[in-house]
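Read off the chains here:
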Amino acid sequence: MLNALTVDVEDYYHVRALEPYIHAKAWDYLPTRVVANTMRILEILEKHGVKATFFVLGWVARKIPSLIREIQERGHELASHGYEHKLAYEMTREEFRADVRKSKNLIEDITGTKINGFRATSFSITSKNLWCLDVLIEEGFSYDSSIFPIYRSDYGISDWHPFPKLISCSSGEIYELPPSTVSFFKGRLPVAGGAYLRFFPLGFIARGIRKVNTVESKSAVLYIHPWELDTDQPRIKAHTLAALRHYGGIGKLESKLIRLLKEYRFGTAKEVIRNI
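Residues numbered from 1 in each chain as written. Predicted model: local features only at pLDDT ≥ 70, side-chain atom pairs only at ≥ 80, totals over all residues. Heavy atoms only, no water.

Trainee: A description of the pattern of salt bridges should follow, citing residues and the corresponding values.
Mentor: Opposite charge on two side chains allows them to pair when their charged atoms are near. Within the structure shown, the criterion is met by 19 salt bridges. A salt bridge links arginine 119 to aspartate 8, with the nearest nitrogen and oxygen atoms 2.8 Å apart. In this pair, arginine 119 sits in the loop between β4 (117-118) and α5 (131-138) while aspartate 8 sits in strand β1 (residues 2-9), placing the two residues 111 residues apart along the sequence. Exposure class is identical for arginine 119 and aspartate 8. Each is buried. Arginine 245 serves as the salt-bridge partner of aspartate 154, at 3.7 Å between the closest nitrogen and oxygen. Taken together, the residues span a long stretch of sequence, with aspartate 154 in the loop between β5 (143-144) and β6 (165-169) and arginine 245 in helix α8 (residues 240-247) at a distance of 91 residues. The exposure class assigned to arginine 245 is partly exposed, which follows from its relative accessible area of 36%. Linked through salt bridges whose partners overlap, the residues forming this network are Glu94, Arg97, Arg101, Glu138 and Glu139. (Salt bridge = Lys/Arg side-chain N within 4 Å of Asp/Glu carboxyl O. Helix = DSSP H or I, 4+ residues; strand = E, 2+ residues; numbered from the N terminus. Buried < 20%, exposed > 50% of the residue type's maximum accessible area, 1.4 Å probe, protein only.)

Trainee: Describe the nonpolar core, with residues and values.
Mentor: Residues Leu5, Val9, Phe54, Phe96, Leu136, Leu260 and Phe266 are the most contacted members of the largest nonpolar core, which totals 72 residues. Look past the residues within four positions of leucine 136 in its chain and what remains in contact with it is Phe96, Val100, Phe118, Ile125, Phe141, Asp144 and Ile174. Grouped together as the second largest cluster of nonpolar side chains are ten residues, Leu2, Ala4, Leu177 and Val272 included. (Core = buried A, V, L, I, M, F, W, Y, C linked by side-chain atoms within 4.5 Å. Contact = heavy atoms within 4.5 Å.)

Trainee: Describe helix α7 (residues 202-214), and please don't skip the residues or the numbers.
Mentor: Helix length check: α7, at 13 residues, gives a terminal C-alpha distance of 18 Å against a target of 18 Å (1.5 Å per residue), a fit within 8%. Looking at α7, one finds that the buried residues are Leu202, Ile205, Ala206, Gly208, Ile209, Val212 and Asn213. Down the axis, α7 shows its buried residues gathered within 160 degrees of arc, on one side only. Within α7, the exposed residues directed more than 90 degrees away from the buried face are Arg207 and Thr214. Close packing links the buried residues of α7 with β1, β8 (181-184), β9 (187-190), α6 (194-199), α9 (250-263) and β11 (265-267). (Expected span 1.5 Å × (residues − 1). Arc of directions from axis to C-beta.)

Trainee: Requested: an account of the pairing of strand β2 (residues 53-56), with residues and values cited.
Mentor: Neither face of β2 is open: one carries Thr53 and Phe55, the other Phe54 and Val56, and all of them are buried. Direction of pairing for β1 relative to β2: parallel, over a ladder of four bridges. Paired with aspartate 8 across the bridge in β2 is phenylalanine 55. Handedness of the β1-helix α1 (residues 34-47)-β2 crossover: right-handed. (Pairing = 2+ DSSP bridges. Right-handed = clockwise from strand over helix to strand, strands pointing away.)

Trainee: Which residues make up the packing of aromatic side chains, and what values go with them?
Mentor: By the definition in use, this model includes 16 aromatic pairs. The interplanar angle of 85 degrees and the centroid separation of 6.4 Å between the aromatic rings of phenylalanine 148 and tyrosine 223 together place this pair among those described as edge-to-face. Here phenylalanine 148 is found in the loop between β5 and β6, whereas its partner tyrosine 223 is found in strand β10 (residues 221-224), with 75 residues between them in sequence. Like phenylalanine 148, the residue tyrosine 223 is buried in the burial classification. Here the aromatic cluster, defined as three or more aromatic residues joined through ring pairs, consists of Phe123, Phe148, Tyr155, Tyr196, Phe200, Phe204 and Tyr223. The ring centre of tyrosine 83 lies 4.0 Å from the NZ or CZ of lysine 102, which sits over that ring. When the ring centre of tyrosine 89 is taken as reference, the NZ or CZ atom of lysine 128 above it lies at 4.6 Å. (Phe/Tyr/Trp six-rings, centres within 6.5 Å; stacked < 30°, edge-to-face > 60°. Lys NZ or Arg CZ within 6 Å of the ring centre and 35° of its normal.)

This is how it looks when you write it as structure tokens:
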């Protein structure tokens, strides 16, 4: 079973957990670490013969277009992560449209290829703003990976279909690729990567992916961020919970990722969609 490996290309100072401590106006003056960290992921993927989908923040693409070209030249799929890393449900319809259009156009201009996929900041398409899917369809996207089928106070739709699927909206159809979860009592637990991969035991994540593949006969969708491999990144003085959420388990993610690459078959979101 082919699973989708996805990378949200953003720097450590873009992270929502650290937003109260790093103002967006400071981004241009902070030393970037996204290049070295993304290159590290690219080298790991090349060593294991894996192609992935890179959801690129438009701000990063504007500042470092050479990184976007490097990802493309290595044969990976490029997709949009929006432009300014704003939560989708905090934007109006026109603000959201302008943000995704700006990012899509920028990445397409850099690469000369059509951008088909989108992922919202912090999975911020929820039941409150499903109209975002209509905007994505109208802006030429064919798939989205922004809806987490869990309940959290800041994101998620707990009763959303948990596997990749073509869905119908008022503006047309779009594939939705939810980050992977497994059933747990009356809810679902994430096995999708990110902080969950950093904090949960590798065995739990691996069994979850295996269950999605063998019991459900579905593709899993995994995600990581370049900064999650960066043990030397600057330590921002933040509230205990914010610091734990951001820095916890960073030193373990690379080895966990490599183990999963050896055990399971991964490819791009576009390839997974072909098999739906």
